[in-house]
Amino acid sequence: MKKYKILIVEDEASLQESLREFLSMENFETVSALNGDDGIALVEKEKPDLILLDIILPKKNGFEVLEEIKKNKKTEKIPVILLTNLESAEDVNRAFDLGVTTYLIKSSYTLEDIVKKIKENLGIG
């Protein structure tokens, strides 16, 4: 069975660690970055199957990261789930215009819900 690799780009260390632990228990491999620049570098280096991306990040924000991922022919097809606290229609619309696959508000979803969305995006389980 293929082990899917998830890139987590999240600057909140405790949330990043919770996601890593939970995804590991669900048999996902994880790599992570605490800022947008490192996130972009890891996308190219690690070739993840899916990216969990926060919007409010140091160095480059999630919108900038998303834009770079979708402009690059090598990474444009990677599904991206935005996991953020930003709820405005403007932010949601901007994310979808840039090519995000799924937009989740952190406070509205449990770790189980997030894993379910990851599996839906990857077309598994």
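Refer to the preceding data block for the structure.
Described below are features of the structure shown in this document. The model shown is predicted, which means the values in this text are computed figures rather than measured ones.

A word on the overall build of the chain. Each helix and strand in the chain was counted, giving 5 helices and 5 strands. Going residue by residue from the N terminus, the α and β elements of the chain occur as β-α-β-α-β-α-β-α-β-α. Rg of the C-alpha trace for the chain: 13 Å, near the compact-globule value of 14 Å for 125 residues, within the 12% margin. Projected onto its principal axes, the C-alpha positions of the chain cover 35 × 30 × 25 Å. Buried residues in the chain amount to 49% of all 125 residues. Long-range pairs, those at least 24 residues apart, make up 62% of the contacts in the chain between residues at least 6 apart in sequence. Of the accessible surface of the chain, which amounts to about 6,600 Å², a share of 47% is contributed by carbon and sulfur atoms. In the chain, the 18 positive side-chain charges and the 24 negative ones have mean positions that sit 7 Å from each other.

With a phi close to 75°, asparagine 27 is a non-glycine residue in the positive phi region. Within the secondary structure layout, asparagine 27 lies in the loop between α1 (13-25) and β2 (29-33). In this structure, lysine 59 is a non-glycine residue whose phi angle is positive, near 70°. Within the element layout of this structure, lysine 59 appears in the loop between β3 (50-53) and α3 (62-71).

The complete set of buried residues in helix α2 (residues 36-46) reads Gly36, Gly39, Ile40, Leu42, Val43 and Glu46. When α2 is viewed along its axis, its buried side chains cluster within an angular range of 165° and face the same direction. Buried residues in α2 make contact with β1 (5-9), β2, β3 and α3. Of the residues flanking the start of α2, the one acting as N-cap is asparagine 35, its side-chain oxygen 3.1 Å from the backbone nitrogen of aspartate 37.

On to the pairing of strand β4 (residues 80-84). Consecutive side chains along a regular strand alternate between the two faces of the sheet. Counted residue by residue, β4 has 5 buried out of 5 residues, so it is predominantly covered. Here β4 shows no split at all, with Val80, Leu82 and Thr84 on one side and Ile81 and Leu83 on the other all buried. Bridge analysis of β3 against β4 gives 3 bridges, and the strand direction is parallel. By the bridge assignment for β4, isoleucine 51 is matched with valine 80.

With parallel pairing, 5 strands are arranged side by side in an open sheet as β2-β1-β3-β4-β5. Because the sheet does not close on itself, it has two edges, and the strands there are β2 and β5 (102-105). Direction aside, the axes of adjacent strands within the sheet are offset by 20° on average. The pairing of β1 with β3 spans 4 bridges and is classified as parallel. The residue of β3 that forms the bridge with valine 9 is leucine 53. The sheet contacts of α3 involve β3 and β4, and relative to β3 the element is tilted by about 160°.

The rules behind these values
- Starting afresh in each chain, residues are numbered from 1 along the sequence in its written order.
- Per-residue local features of the predicted model are confined to residues with pLDDT of at least 70, and side-chain atom pairs are confined, for both listing and counting, to 80 or more; whole-chain, interface and lining totals are unaffected and use all residues.
- The side-chain values count all of the structure's non-hydrogen atoms but skip hydrogen atoms and water molecules.
- Secondary structure elements are taken from DSSP: a helix is a run of H or I of four residues or more, a strand is a run of E of two residues or more, and numbering for both begins at the N terminus.
- For this measure, only C-alpha atoms enter the radius of gyration; the expected value for a globule follows 2.2 Å times N^0.38, where N is the number of residues.
- Here the term buried applies to any residue with accessible area under 20% of the maximum for its type, exposed to any over 50%, and partly exposed to those in between, with areas from a 1.4 Å probe on protein chains only.
- In what follows, residue pairs with any heavy atoms lying within 4.5 Å of each other are defined as contacts.
- For the accessible areas, the method is Shrake-Rupley and the probe is 1.4 Å, while residue cover comes only from the protein chains on display.
- In this tally, Lys and Arg are treated as positive and Asp and Glu as negative; His is ignored, and so are the chain termini.
- The location of each charge is read from NZ of Lys, CZ of Arg, CG of Asp or CD of Glu.
- The arc in question is traced by the directions running from the helix axis to the C-beta atoms.
- Throughout this description, a polar contact denotes any pair of N or O atoms lying within 3.5 Å of each other; where both atoms belong to protein, one of them has to be capable of donating a hydrogen while the other can accept it, and for residues adjacent in sequence the pair is counted only when both atoms sit in side chains.
- Between any two strands, pairing holds if DSSP finds at least two bridges.
- Convention adopted: a line fitted to C-alpha atoms gives each axis, helices being fitted over their contacting stretch, and angles between N-to-C directions are expressed from 0 to 180 degrees.

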